[in-house]
Amino acid sequence: MTVDVTRGGLLVTLAIVGVIVYELRTVLDFVGIELPLIPYMAGVFILAGLAVWFVTLKGGWRTEPDGDEPA
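Residues numbered from 1 in each chain as written. Predicted model: local features only at pLDDT ≥ 70, side-chain atom pairs only at ≥ 80, totals over all residues. Heavy atoms only, no water.

1. Quick notes on the UniProt feature "transmembrane region" (unreviewed entry) in the protein
Next up, step 1: Those places that UniProt annotates as "transmembrane region" (unreviewed entry) correspond, in this numbering, to residues 6-25 and 37-56.
Next up, step 2: Secondary structure content for residues 6-25 is 95% helix and 0% strand, and the end C-alpha separation is 29 Å.
Next up, step 3: For residues 37-56, the helix share is 100%, the strand share is 0%, and the end-to-end C-alpha distance is 29 Å. (UniProt positions renumbered as here; feature names shortened; annotations may be inferred. Helix = DSSP H or I, 4+ residues; strand = E, 2+ residues; numbered from the N terminus.)

This is how it looks when you write it as structure tokens:
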């Protein structure tokens, strides 16, 4: 099984997940539950490392677009 993922797509996904996690922390802080920032930052970096490892393990990055064959 190969994973057809581009680096840009993975980076955008990780950025979105990081923002969602940070906003969740902000909402919990507003409610009154104070959580430290460092574990969330570490979690996002660990998630990024696992995602890169998984893509590399399952076939690597897609480097060429699937387009028309040259005539």
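2. As for the packing of helix α1 (residues 7-31) against helix α2 (residues 37-57)
Helix-helix packing is described using two parameters, namely the angle between the two axes and the distance between the axes.
Next up, step 1: Across the interface, α1 lies against α2 with an axial gap of 10 Å and an inter-helix angle of 160°. With respect to their mutual orientation, α1 and α2 come out roughly antiparallel. At the point where α1 passes α2, the crossing takes the right-handed sense. Counting all contacts with α1, which are made through L10, L14, V17, G18, V21, Y22 and R25, the residues of α2 involved are L37, Y40, V44, L47, A48, A51 and V52.
Next up, step 2: Classifying every residue of the contact of α1 with α2 by side-chain character gives 12 nonpolar, one polar and one charged. (Axes fitted to C-alpha atoms, helices over the stretch in contact; angles between N-to-C directions. Parallel < 35°, antiparallel > 145°, perpendicular 65-115°, else oblique. Left-handed = near helix turned anticlockwise from the far one by under 90°. Contact = heavy atoms within 4.5 Å. Nonpolar A, V, L, I, M, F, W, Y, C, P; charged D, E, K, R; others polar.)

3. What about the side chain of R25?
Next up, step 1: Here R25 shows up in helix α1.
Next up, step 2: In this structure, R25 is buried with no salt-bridge partner, the nearest side chain bearing the opposite charge being D29 at 5.4 Å.
Next up, step 3: Once residues within four sequence positions are removed from consideration, R25 is found in contact with L35, P36, L37 and Y40. (Buried < 20%, exposed > 50% of the residue type's maximum accessible area, 1.4 Å probe, protein only. Lys, Arg positive; Asp, Glu negative; His and termini not counted. Salt bridge = Lys/Arg side-chain N within 4 Å of Asp/Glu carboxyl O.)

4. Here's the deal with the environment of M41
Next up, step 1: In this fold, M41 is placed in helix α2.
Next up, step 2: Judged by relative accessible area, M41 falls into the partly exposed class, the value being 37%.
Next up, step 3: Considering only alpha carbons, one finds M41 and V21, 20 residues apart in sequence, at a separation of 9.0 Å.

5. So, α1
Next up, step 1: With 25 residues, α1 extends 36 Å from end C-alpha to end C-alpha; this agrees with the ideal 36 Å at 1.5 Å per step.
Next up, step 2: Taken as a whole, α1 has its buried residues at L10, L14, G18 and R25.
Next up, step 3: Buried residues along α1 sit in contact with α2.
Next up, step 4: Phi turns positive, to about 125°, at G32, one or two residues after α1. (Expected span 1.5 Å × (residues − 1).)

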